[in-house]
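Observations on the model geometry
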Amino acid sequence: MTGPAILWLRRDLRLSDHPALSAAIASGRPVLPVFVLDPETEALAAAPKWRLGRALEVFAARLEGMGSRLILRRGPAAGVLAEIAEATGAGELHLTRLHDAPSRRRDADVAEALGKRLTVHIHDGHTLHPPEAIRTKTGGAYKVYTPFWNALRQRGVAPPLPTHRDLRAPADWPRSDRLSDWDMGRAMDRGAAVVNEWATVGEEAAALRLRRFITHLDRYPAGRDGMGARDTSGLSENLTYGEIGARTLWHAGLAALQDGTRGAEIFLRELAWRDFAHHLLWHVPHLPERNWRDGWERFPWRPDSPEAEAWRRGQTGEPIVDAAMRELFTTGTMHNRARMITASYLTKHLLTDWRIGLRWFEETLIDWDPASNALNWQWVAGCGPDASPFFRIFNPATQAERFDPERRYRDRWLTDTREARAFLSAVPRSWSLAPPARITPLIGLKEGRDRALAALAGMREG
Ligand SMILES: Cc1cc2nc3c(=O)[nH]c(=O)nc-3n(C[C@H](O)[C@H](O)[C@H](O)COP(=O)(O)OP(=O)(O)OC[C@H]3O[C@@H](n4cnc5c(N)ncnc54)[C@H](O)[C@@H]3O)c2cc1C
């Protein structure tokens, strides 16, 4: 067994709790880590692609520090992997299963193309549980979060696997591209340098972030909703690229819960939302494209418009919405409460098709996750799995009073601060922004709400 085991990496750029890596090592073969810039990865939107490039850079350096390497190659995955297998005499291929439709198609193509020449092992490890593992009593998929959570909680979560610090290198390495030649930040323009200041990249940084977060987990229940403080974990960007495993977060939260830390249970519940999103995406692969709830094709969603563009640019005249959209463009993330407020404003007050908002988040989020983004956009828009769907129309003004009572969040993004200046340096010059104080609101809040409810009533009647 001299031929290596290829470890095909995608969104699992870590050495800890990595079932595919553990299995590749356990095979007794040298391990050959490979990343392929395939057409699916080429198609990533600007911020996720740039952030993936940063993740690859840090992970490759970590492997090199251990005497290993990350082989980078470009082209359709099946062809590239077959070529590497041929050149190195590889006997096995290990990968971590992803759950979105394009990745599933790609994995199936690769398994079919390479299955004749070597053994293909597809592992779980992207979520707490495989997406189809949690089932209703009748064996179906959950459509509502709370029973899904109850089932997950009852089932428990397996402990994380140990961290590997020693990878047996192959005798010869195949050739590799240079990451800098891929220019993965090209579509970010000058925004990349700005967002970089807010990004926390790599497995070691993610582990440190988790340790720090756990020490103030008791602040989480308030921080989860309060927009002024920064008391959430911030770990979504690391989970997205697999720089930390979901089970590691779960068990850190569980240990805190067992120590009596207030807020730990809420953190576990939030983490389980990510699994719920992947569960839904697995069972409903068109979740990012089509309304989850039947009958919503008739809803009079508006297409893209100057109002939607004002929303993207943080120029709606609603201070909390504009602050949040500026946070998104500058940092590549946004507080969860702000995501709900901005998504509700776009889909309800501006009656804009949720897919237009989903695409902008996809373009700008460094924690973009195909499942969480789709589930949450549909949930807020009212066409997704929510018990009180369209009637929940967030009033941005009252949300701001309640969750940003001291105006810290709004001031941070709308007055002359380091953050607000960073936003101005990140945006394209063509945006020609008006000062926040001078923007007339796009629509009155009551008017927007009444219009949205009338549209819903029209859909129901028609
Ligand atoms: C319209 C909209 C779009 C969103 N798009 C994304 C996205 O593309 N990627 C993404 O990771 N999250 C998305 N979310 C969910 C949530 O806003 C982020 O996960 C959260 O803000 C990340 O910050 P954090 O890591 O500090 O979270 P914490 O509060 O520390 O939570 C811990 C982890 O739990 C998970 N989590 C928490 N809330 C949710 C949720 N509502 N849905 C799914 N998982 C959750 C995340 O993995 C998060 O990292 C979206 C929410 C909305 C309303």
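Only a predicted model underlies this, so the values are computations on that prediction, with no experimental measurement involved.

1. Quick look at helix 17 (residues 354-364)
The buried count for helix 17 comes to 8 of 11 residues, which makes it a mostly enclosed element. Taken residue by residue, helix 17 has Trp354, Arg355, Ile356, Gly357, Leu358, Trp360, Phe361 and Thr364 as its buried positions. Those residues of helix 17 hidden inside the fold are in contact with helix 3 (46-65), helix 14 (306-312), helix 15 (319-331), helix 16 (336-349) and helix 18 (370-381).

2. Quick notes on the packing of helix 3 against helix 17
Where helix 3 contacts helix 17, the axes come no closer than 4 Å and their chain directions differ by 25 degrees. It follows that helix 3 is roughly parallel to helix 17 by the angle criterion. Contacts from Ala46, Ala47 and Pro48 of helix 3 reach helix 17 at Glu362, Glu363 and Thr364. Tallied by class, the residues present in the contact of helix 3 with helix 17 amount to 3 nonpolar, 1 polar and 2 charged.

3. Concerning the environment of Pro174
Checked against the element boundaries, Pro174 lands in the loop between helix 6 (145-155) and helix 7 (179-182). You can call Pro174 buried: its relative accessible area is 14%. Setting aside its immediate chain neighbours within four residues, Pro174 contacts Leu32, Ile71, Arg73, Ile84 and Thr88.

4. So, the nonpolar core
Of all hydrophobic cores here, the largest spans 119 residues; its most connected members are Leu56, Leu70, Trp250, Phe299, Trp311 and Tyr409. Among the elements that take part in this core, helix 13 (residues 264-283) stands out by supplying 9 residues, more than any other. Excluding residues that lie within four positions of it along the chain, Phe299 makes contacts with Leu351, Phe390, Ala455, Leu456 and Met459. Leu32, Leu81, Ala85 and Val110 belong to the second-largest nonpolar core, a separate cluster that totals 19 residues.

5. Quick word on the domain arrangement of the protein
Much of the literature gives interface size as the accessible area that the parts lose upon coming together. Each domain of the protein was delimited in the assignment, giving domain 1 (1-126), domain 2 (127-157 + 200-283) and domain 3 (296-457). Taking only C-alpha atoms, the centre of domain 1 and the centre of domain 3 are 36 Å apart. Counting residues at the interface gives 10 residues for domain 1, matched by 8 residues for domain 3. Approximately 660 Å² of surface area, both sides summed, lies buried where domain 1 meets domain 3, with 63% of it carried by carbon and sulfur atoms. Across the domain 1-domain 3 interface, the total number found is 0 salt bridges. At the boundary of domain 1 with domain 3, the tally comes to 1 residue pair in polar contact (both at pLDDT 80 or more).

6. Section: the packing of aromatic side chains
A full pass over the atoms with the stated rule returns 22 aromatic pairs. For the pair Phe299 and Trp301, a centre-to-centre distance of 4.4 Å together with 55 degrees between the ring planes defines the contact as tilted. For Phe299, a relative accessible area of 4% corresponds to the buried category. Three or more aromatic residues joined by ring pairs form one cluster here, namely Tyr142, Tyr145, Phe148, Trp273, Phe276 and Trp379. Its end group placed over the ring of Trp8, Arg10 keeps NZ or CZ at 4.2 Å from the ring centre. A cation sits over an aromatic face here: Arg97 above Trp282, 4.8 Å from the ring centre.

7. Examining the UniProt feature "binding site: FAD" (unreviewed entry) in the protein
Under the feature "binding site: FAD" (unreviewed entry), the UniProt entry names Tyr220, Thr232, Ser233, Gly234, Leu235, Ser236, Phe267, Asp367, Trp368 and Asp369. In this structure, Gly234 sits in the loop between helix 10 (220-223) and helix 11 (236-240). By the element assignment, Asp369 lies in the loop between helix 17 and helix 18. The class of Asp369 is buried, set by a relative accessible area of 5%. Sequence-distant contacts of Asp369, defined by excluding residues within four places in its chain, comprise His126, Thr240 and His278. Only 3.1 Å separates the side chain of Asp369 from the backbone nitrogen of Ala371, close enough to count as a polar contact.

8. A look at the site of the ligand
Around the ligand, 27 residues are found, and the nearest of them are Tyr220, Thr232, Ser233, Gly234 and Asn336. Residue Arg224 places a side-chain N or O atom 3.2 Å away from an oxygen atom belonging to the ligand. Asn376 is positioned such that a nitrogen or oxygen atom in its side chain is 3.0 Å from a nitrogen atom of the ligand. Bound to the protein, the ligand loses 97% of the 810 Å² it would expose on its own. Of all the secondary-structure elements, those providing two or more residues to the shell around the ligand are helix 11, helix 13, helix 16 and helix 18. Examining the composition of the shell around the ligand, we find that 5 residues originate from one element, helix 13, more than from any other. Per-class residue counts for the shell around the ligand are 13 nonpolar, 8 polar and 6 charged. When residues of the shell around the ligand are sorted by domain, at least three fall in each of domain 2 (127-157 + 200-283) and domain 3 (296-457).

9. Considerations on the pattern of salt bridges
Enumeration according to the criterion identifies 33 salt bridges in this entry. A salt bridge links Asp181 to Arg178, with the nearest nitrogen and oxygen atoms 3.4 Å apart. Arg178 sits in the exposed class, given a relative accessible area of 55%. The shortest N-O distance in the salt bridge between Asp404 and Arg410 comes to 2.8 Å.

10. Some points on the packing of helix 15 against helix 17
The N-to-C vectors of helix 15 and helix 17 enclose an angle of 40 degrees; their axes lie 9 Å apart at closest approach. With respect to helix 17, the element helix 15 is oriented oblique. Contact residues: Met325, Leu328 and Phe329 in helix 15; Trp360, Phe361 and Thr364 in helix 17. Classifying every residue of the contact of helix 15 with helix 17 by side-chain character gives 5 nonpolar, 1 polar and no charged.

The rules we used
Residues numbered from 1 in each chain as written. Predicted model: local features only at pLDDT ≥ 70, side-chain atom pairs only at ≥ 80, totals over all residues. Heavy atoms only, no water. Buried < 20%, exposed > 50% of the residue type's maximum accessible area, 1.4 Å probe, protein only. Helix = DSSP H or I, 4+ residues; strand = E, 2+ residues; numbered from the N terminus. Contact = heavy atoms within 4.5 Å. Axes fitted to C-alpha atoms, helices over the stretch in contact; angles between N-to-C directions. Parallel < 35°, antiparallel > 145°, perpendicular 65-115°, else oblique. Nonpolar A, V, L, I, M, F, W, Y, C, P; charged D, E, K, R; others polar. Core = buried A, V, L, I, M, F, W, Y, C linked by side-chain atoms within 4.5 Å. Domains from an automatic or database assignment. Buried area = accessible area lost by both parts, 1.4 Å probe. Salt bridge = Lys/Arg side-chain N within 4 Å of Asp/Glu carboxyl O. Polar contact = N/O pair within 3.5 Å; in protein donor to acceptor, adjacent residues only side chain to side chain. Phe/Tyr/Trp six-rings, centres within 6.5 Å; stacked < 30°, edge-to-face > 60°. Lys NZ or Arg CZ within 6 Å of the ring centre and 35° of its normal. UniProt positions renumbered as here; feature names shortened; annotations may be inferred. Near = heavy atom within 4 Å. Areas by Shrake-Rupley, 256 points an atom, 1.4 Å probe, with all protein chains shown as cover.

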